[in-house]
Amino acid sequence: MPSGRVRQFDADEALERAMGVFWRRGYEGATLDELTAAMGINRPSLYAAFGNKEQLFRRVLERYRAGPVGFLRDALEEPTAREVAEAILRGAWRAFCDPGNPGGCLVVQAALACGAESESVRQELAAGRERAVAAIRERLRRAAREGDLPAGASPRVLARYLATVMHGLAVQAAGGAGASELRRVADLAMRAWPTA
C-alpha cells in the first residue's frame, strides 16, 4: 500500500482557476483564501502541489504565456515585419477582449498593483515584458537584414512601439473598451508602420 495521500484534484484545472483569480485581482490582490476557493483545494494542498503564492504565480505565468498570450510567439513566425506587427496587435485585442477571460492582460494587471513587499514578482513581470520586447526586436532586426523594413526604420523603436500599443490595448480592455473599438485602435496604430 503506497504511503502518502493521493492528490484529489486536477493540477491543470487548479492552475487555470488560479490564473483567473490572479488575472482579475492582480498578484497582491489575490488572497490565499480566494485562490484556494477558486482552485477547490485547501492551503496544505496548494503548498504541497505548487509551493507558496509566489511559486504558484510563476506557474500561472508560464501557463498564461503558453496559452492566452501565445499569440505573440506565433506572430513572430509571420513572413513579413508588417504581418508580424499586425498579428501582434490583432492577437492582443482578441486575447484581451476575449469574453472567456477577465479583461486586459494578467501581466499588466498584476504589475500595476505590486508594492515593495512583492518586489521579486514586480521584477519578474518587468523582465518578462522586456523579454517580449527583445523577441520582437530580434525578429524586426532580421526583417531589416532581409530588406523587409525601409532604410532608417529602427527595429528597437518599432519593437518598443508595438509593446507600448499592445500594453495600452490591455489597459483599455481592462477598463471596459470593447473588441470592435480596440480593433480599430490597432488598425490606426498600423498606419504609423513604416513603408518603403
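Values in this document were obtained by computation on a predicted structure and should not be read as measured data. Throughout, a residue's number is its position along its own chain's written sequence, starting from 1. A pLDDT threshold of at least 70 governs which residues receive local features in this predicted model, and a stricter bar of 80 or more applies before side-chain atom pairs are shown or counted, although totals over entire chains, interfaces and linings include all residues. Side-chain numbers here rest on the full set of heavy atoms in the structure, without hydrogens or water.

1. Quick notes on the layout of surface pockets
Approximately 360 Å³ is the volume found for the largest pocket. Forming the walls of the largest pocket are 18 residues, and the residues nearest its centre are Arg 65, Val 69, Leu 72, Gly 128 and Ala 132. Of all the secondary-structure elements, those providing two or more residues to the lining of the largest pocket are helix 4 (53-66), helix 5 (71-75), helix 8 (119-145) and helix 9 (155-174). By residue number, the principal contributor to the lining of the largest pocket is helix 8, which donates 5 residues. Amino acids are sorted into nonpolar (Ala, Val, Leu, Ile, Met, Phe, Trp, Tyr, Cys and Pro), charged (Asp, Glu, Lys and Arg) and polar (every other residue, Gly among them). Looking at side-chain class alone, the lining of the largest pocket contains 11 nonpolar, 3 polar and 4 charged residues. Of the two site types, the cavity is a set of points on a 1 Å grid over the protein atoms alone where a 1.4 Å probe fits but cannot get out, and the pocket is an open set with protein on both sides within 12 Å along at least five of seven lines, each lined by residues with an atom within 4 Å of a point. Grid points are joined across faces, edges and corners, and a volume is the space filled by probe spheres set on the points. In this description a helix means any DSSP run of H or I spanning at least four residues, a strand means any run of E spanning at least two, and both kinds are numbered starting from the N terminus.

2. A short note on the pattern of salt bridges
Salt bridges are defined as contacts in which a side-chain nitrogen from Lys or Arg sits within 4 Å of a carboxyl oxygen from Asp or Glu. By the definition in use, this model includes 16 salt bridges. Linking Asp 12 and Arg 63 is a salt bridge whose minimum nitrogen-to-oxygen distance equals 3.6 Å. Of the two residues, Asp 12 sits in helix 1 (residues 11-29) while Arg 63 sits in helix 4, which places them 51 residues apart along the sequence. Within this structure, Glu 54, Arg 58, Arg 65, Glu 124 and Arg 131 form a network of salt bridges that share partners.

3. Some words on the packing of helix 2 (residues 32-39) against helix 3 (residues 43-50)
A pair of packed helices can be characterised by two numbers: the angle between their axes and the separation between those axes. As a rule, the C-alpha atoms of each element are fitted with a line to give its axis, helices using only the stretch in contact, and angles between N-to-C directions run from 0 to 180 degrees. At a minimum axis separation of 10 Å, helix 2 and helix 3 run at an interaxial angle of 85 degrees. Between helix 2 and helix 3, the angle falls in the class roughly perpendicular. Residues Leu 32, Asp 33, Leu 35, Thr 36 and Met 39 of helix 2 lie in contact with helix 3, whose contacting residues are Arg 43, Leu 46, Tyr 47 and Phe 50. Here is the rule for angles: anything less than 35 degrees is roughly parallel, anything more than 145 is roughly antiparallel, 65 through 115 is roughly perpendicular, and the remaining ranges are oblique. Residue contacts are counted whenever heavy atoms from the two residues lie within 4.5 Å of one another.

4. Thoughts on the packing of aromatic side chains
Pairing of aromatic side chains here covers Phe, Tyr and the six-membered ring of Trp, requires ring centres within 6.5 Å, and sorts the geometry by plane angle: under 30 degrees stacked, over 60 edge-to-face, intermediate tilted. Per the stated rule, a full pass over the model turns up 5 aromatic pairs. Here the aromatic rings of Phe 71 and Phe 96 are separated by 6.2 Å at their centres, their planes lie at 80 degrees, and the arrangement is edge-to-face. Placement of Phe 71 in helix 5 and of Phe 96 in helix 6 (residues 81-96) is noted, with a sequence separation of 25 residues between them. Under the relative-accessibility criterion, Phe 96 is labelled buried at 2%. Over a ring means this: the NZ of a Lys or the CZ of an Arg is within 6 Å of the ring centre and within 35 degrees of the ring normal. When the ring centre of Tyr 27 is taken as reference, the NZ or CZ atom of Lys 53 above it lies at 4.7 Å. Each residue is placed in one exposure class: buried if its accessible area under a 1.4 Å probe, protein chains only, is under 20% of its type's maximum, exposed if it is over 50%, and partly exposed if it falls in between.

5. Section: the state of the cysteines
By definition, disulfides here are pairs of cysteine sulfur atoms that lie within 2.5 Å. Counted according to the given criterion, the structure contains 0 disulfides. Residue Cys 97 stays outside any disulfide, its sulfur separated by 12 Å from that of Cys 105, the closest cysteine. The exposure class assigned to Cys 97 is buried, which follows from its relative accessible area of 19%. You can call Cys 105 buried: its relative accessible area is 6%.

6. Things to note about the environment of Arg 25
Inspection of the secondary structure puts Arg 25 in helix 1. The spacing of Arg 25 and Ala 85 is 60 residues in sequence and 30 Å in space, taken between C-alpha atoms. Discounting chain neighbours no more than four positions away, the residues touching Arg 25 are Ala 30 and Glu 34. Side-chain polar atoms of Arg 25 contact the backbone oxygen of Gly 29, separated by 3.2 Å. Definition of a polar contact: a pair of N or O atoms within 3.5 Å, with one able to donate and the other able to accept a hydrogen when the atoms are protein atoms, and with sequence-neighbouring residues admitted only if both atoms are side-chain atoms.

7. Focus on the domain arrangement of the protein
Taken domain by domain, the protein consists of domain 1 (11-63) and domain 2 (69-192). On a C-alpha basis, the centres of domain 1 and domain 2 stand 25 Å from each other. With 13 residues of domain 1 at the interface, the matching set in domain 2 holds 18 residues. Summed over the shared surface of domain 1 and domain 2, the result is 4 residue pairs in polar contact (both at pLDDT 80 or more). When residues of the side of domain 1 that touches domain 2 are traced back to their parent elements, those giving at least two are helix 1 and helix 4. Sorting elements by how many residues they give to the side of domain 1 that touches domain 2 places helix 1 first, with 8 residues. Among the residues forming the side of domain 1 that touches domain 2, the class breakdown is 7 nonpolar, 2 polar and 4 charged. The domain boundaries here were taken from an automatic or database domain assignment.

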